[in-house]
Amino acid sequence: MMDEQVKEAQQTETQAPKKLNPQVLYYVRIIGTLFVITAIVAVLLSLVNLLTKPTIDALAEEKRLAALAEVMPDAQYEAVTQLPTDVDGLIAMTRATQNGSAKGYCVQVSTNGFGGALELMVGVDENGAITGVSILSHSETLNTNRHGWLVSQYPGHAGEVLVSKSQADATHIQAISGATVTSNAVTKGVNNALKAVESYTKGGLG
């Protein structure tokens, strides 16, 4: 009888659920709390993005249209659907016409400056000459006046544009003092835009 009671007690102890270590429970609670917070933040960020995206897209489109008018004024614009595949940083091309006659192309390109990505709109006429350059976005530390001075040097250039630290001439623009990296980056983007137009027109895409 005694043996049966002992055996029964042992079985009860074996079947009884073991309590988790308090320290383990603490970490489980912490992990669970962090998971819930992360999920809530992710949902909130998604909602913010959903609410602000239309506004951001509208502002970007407004800026793009303003840049088109700046680099190729008094024109009608039509998006190019078949882009060259051999040009670095090419984002988009727009065909510009005036009263039904071809006027040139506006080329949207991206390059890397001192502070990161730098996006440009470059106008190129039917003769391959630059009509204007507009900086759409950048992370450089330069002020607007210095950027304006830099991009004002490109119109009229045709063929590869080079950078000089001393002075501008028929083939060179003058680098911004203390900002050679930015000057080279903008020039690289401009040259890529010229290459895109040449590739598009001579490659039978246009």
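Look a little higher up for the structure.
Bear in mind that the values here come from a model prediction, so they are computed numbers and not experimental data.

What counts, and at which threshold
Residues numbered from 1 in each chain as written. Predicted model: local features only at pLDDT ≥ 70, side-chain atom pairs only at ≥ 80, totals over all residues. Heavy atoms only, no water. Helix = DSSP H or I, 4+ residues; strand = E, 2+ residues; numbered from the N terminus. Buried < 20%, exposed > 50% of the residue type's maximum accessible area, 1.4 Å probe, protein only. Contact = heavy atoms within 4.5 Å. Areas by Shrake-Rupley, 256 points an atom, 1.4 Å probe, with all protein chains shown as cover. Polar contact = N/O pair within 3.5 Å; in protein donor to acceptor, adjacent residues only side chain to side chain.

Enquirer: Even after reading the chapter, I still don't get the overall build of the chain, so can you show me in this structure?
Expert: Summing up its helical and strand segments, the chain has 4 helices and 7 strands in all. Starting at the N terminus and walking to the C terminus, you meet the elements of the chain as α-α-β-β-β-β-β-α-β-β-α. The buried share of the chain, reckoned over its 206 residues, is 31%. Pairs at least 24 apart in sequence give 47% of the contacts found in the chain among residues at least 6 apart. Of the accessible surface of the chain, which amounts to about 13,300 Å², a share of 57% is contributed by carbon and sulfur atoms.

Enquirer: Looking at this structure, how should I read the environment of S199?
Expert: Relative to the helices and strands, S199 is located in helix α4 (residues 180–202). According to the relative accessible area criterion, S199 is buried, its value standing at 19%. Remark: the alpha-carbon pair of S199 and L83, spanning 116 residues in sequence, is separated by 9.1 Å. Not counting residues within four places of it along the chain, the set of residues in contact with S199 comprises P84 and D86. Within the local environment of S199, its side chain forms a polar contact with the side chain of D86, the two groups lying 3.1 Å apart.

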